[in-house]
Every structure is written in structure tokens, then in C-alpha cells.
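# Understanding the architecture of this molecule
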Amino acid sequence: EDQVTQSPEALRLQEGESSSLNCSYTVSGLRGLFWYRQDPGKGPEFLFTLYSAGEEKEKERLKATLTKKESFLHITAPKPEDSATYLCAVQETGFGNEKLTFGTGTRLTIIP
Amino acid sequence: EAGVAQSPRYKIIEKRQSVAFWCNPISGHATLYWYQQILGQGPKLLIQFQNNGVVDDSQLPKDRFSAERLKGVDSTLKIQPAKLEDSAVYLCASSFDGSYLEQYFGPGTRLTVT
């Protein structure tokens, strides 16, 4: 069975203090790895999709990277508005449009 | 562009009662998804519709959960009878063509079963 593990569960950073969130996965074949941001009381918001090891994508202060077993979401010089729960999800290869399997998320708090 | 609409936003019921949630997707989106997100967990897909047909309902507890999308637009998810473990946020999402790259989520309905 697919497994997606995110660490740490929660992370508190000072404003401007860079760090990384981890998403490790075990699937027989990876079609795509997705990162989402979820604010309290809202649904997840799509950030990135990565497809192959070595791929990187950036958006403002966020950069996502992918290896064969894990993905990292690097946050550089974060601001308080970056506080949210960050979810990763994997889509396994298959004959159809396979559903996403989500991790439990990392709750990020940026302290001014 | 209007987003995915859900109602109600909050619902409290007693166990063994029934409840229904409504979702209106983004206009023109053929694919509609219902997810269950238990506190501290990631969303879990319950059912996926393409227009008014079911694509995937493998994780829907069919003995108590049902969903319909009769006209291929809005959808209703029902739980009857509810159990304590059904307490969760129920998220609706939609996409134009079934692509997870263009999947937009609604704000969710928070269900508490007492």
C-alpha cells in the first residue's frame, strides 16, 4: 500500500529563518508528487507538481525538489503569511487517472 | 471566477442521525470530487464523478455514505446513519477535465458527530 510520510509534524520559525519540510513516499511507480498549502478553515491550494527525480520548481519563497524516495519543500526567508499546513500527495502510475494519496501535513508557523 | 461552493459550513448531529452536504463546482468543470479530512490527517478521496457518472468510489463506505450528481453539475453527499468516527471536514473539489493539476477545493463542511 502507498505510504506518504511528512516531517516534522509542526515547525516554528522566526521570520527570515529558512528551513525545509520533508515528504517521503513508497510507491511502486510515481506518476507525480504534489504539494499543497492549506490555511485554517479552507481547502488545500495547489502549489507544485514534480514528476521525476532531480526536478525542481520554485514559487516566490518556496522551492520543491524531488528524489527517488522523497521530496523537500524549501522555504527561504519566510514571512508570517507563509504560516499554513503544507500537504504533499503522491499519484501512483496506473492505467487510469490514479487518485492522490496525501500525507498528514506539516504545520508551519512563522513568528514575526 | 467563482470558486467551489459548499454548504453548510458547519454541522453538529448526534450519532445515528443523517446528514447531507451540498457542493456546487466551478462552472464548466466536468469532474467533481468528495474528500474526507479527519483532524490531523490529509484528505482522503471518497468519490469522483465525471459529469454525472462515478469514476472512483472505492474508498466510499457504501453501507452508510451515498453521493449523487444527477445533472452533472452540483452534488450531494449523504451519511445515514452517522457514526462518531465520521467527524471530519468534508471537502468538495472540481477540475475541468479530471486533471489533478487543475483541481480546486471548496472551503469544506466541518461535521461533528456527538
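In what follows, the accompanying structure is described.

Calculation rules
- Residues numbered from 1 in each chain as written.
- Chains lettered and ligands numbered in written order.
- Predicted model: local features only at pLDDT ≥ 70, side-chain atom pairs only at ≥ 80, totals over all residues.
- Heavy atoms only, no water.
- Pairing = 2+ DSSP bridges.
- Helix = DSSP H or I, 4+ residues; strand = E, 2+ residues; numbered from the N terminus.
- Axes fitted to C-alpha atoms, helices over the stretch in contact; angles between N-to-C directions.
- Phe/Tyr/Trp six-rings, centres within 6.5 Å; stacked < 30°, edge-to-face > 60°.
- Buried < 20%, exposed > 50% of the residue type's maximum accessible area, 1.4 Å probe, protein only.
- Contact = heavy atoms within 4.5 Å.
- Buried area = accessible area lost by both parts, 1.4 Å probe.
- Salt bridge = Lys/Arg side-chain N within 4 Å of Asp/Glu carboxyl O.

### Topic: the sheet that holds strand β7 (residues 65-68) of chain B
Residues and elements named next belong to chain B. What the 4 strands build is an open sheet, ordered β1-β3-β8-β7; its pairing is antiparallel. One side of each edge strand has no neighbouring strand; the edge strands of this open sheet are β1 (5-7) and β7. Neighbour to neighbour, the strand axes of the sheet diverge by 15° on average, direction disregarded. Where β7 meets strand β8 (residues 75-79), 4 bridges bridge the pair, whose relative direction is antiparallel. Among the inter-strand pairings, serine 66 is bridged to a residue of β8, identified as lysine 78.

### Points about the packing of aromatic side chains
Residues and elements named next belong to chain B. Tallied over the entire structure, the rule returns 10 aromatic pairs over all chains. Between phenylalanine 21 and tyrosine 90, the ring centres sit 5.0 Å apart and the planes meet at 25°, which makes this aromatic pair stacked. Here phenylalanine 21, found in strand β3 (residues 19-24), pairs with tyrosine 90, found in strand β9 (residues 88-95); they are 69 residues apart in sequence, far enough to count as distant. In terms of burial, phenylalanine 21 and tyrosine 90 fall into one category: buried. An angle of 40° between the planes, with centres 6.4 Å apart, marks the rings of phenylalanine 65 and tyrosine 90 as tilted. Of the two residues, phenylalanine 65 is situated in strand β7 and tyrosine 90 in strand β9; the sequence distance between them amounts to 25 residues. Here tyrosine 90 falls in the buried class, since its relative accessible area comes to 0%.

### As for the interface of chain B and chain A
Listed by partner, the interface residues are 19 residues for chain B and 19 residues for chain A. Approximately 1,400 Å² of surface area, both sides summed, lies buried where chain B meets chain A, with 55% of it carried by carbon and sulfur atoms. The largest per-residue losses of area from chain B upon contact with chain A belong to Tyr100, Leu101 and Phe105 of chain B, which jointly make up 40% of the total buried on that side. The interface formed by chain B and chain A includes 1 salt bridge.

### Things to note about the pairing of strand β2 (residues 10-14) of chain A
Residues and elements named next belong to chain A. Burial along β2 is one-sided: Leu11 and Leu13 are buried, while Ala10, Arg12 and Gln14, pointing the other way, are not. Note: β2 against strand β11 (residues 106-111), 5 bridges, orientation parallel. Looking across to β11, one finds that leucine 13 is bridged to isoleucine 110.

Geometry only, nothing functional implied.
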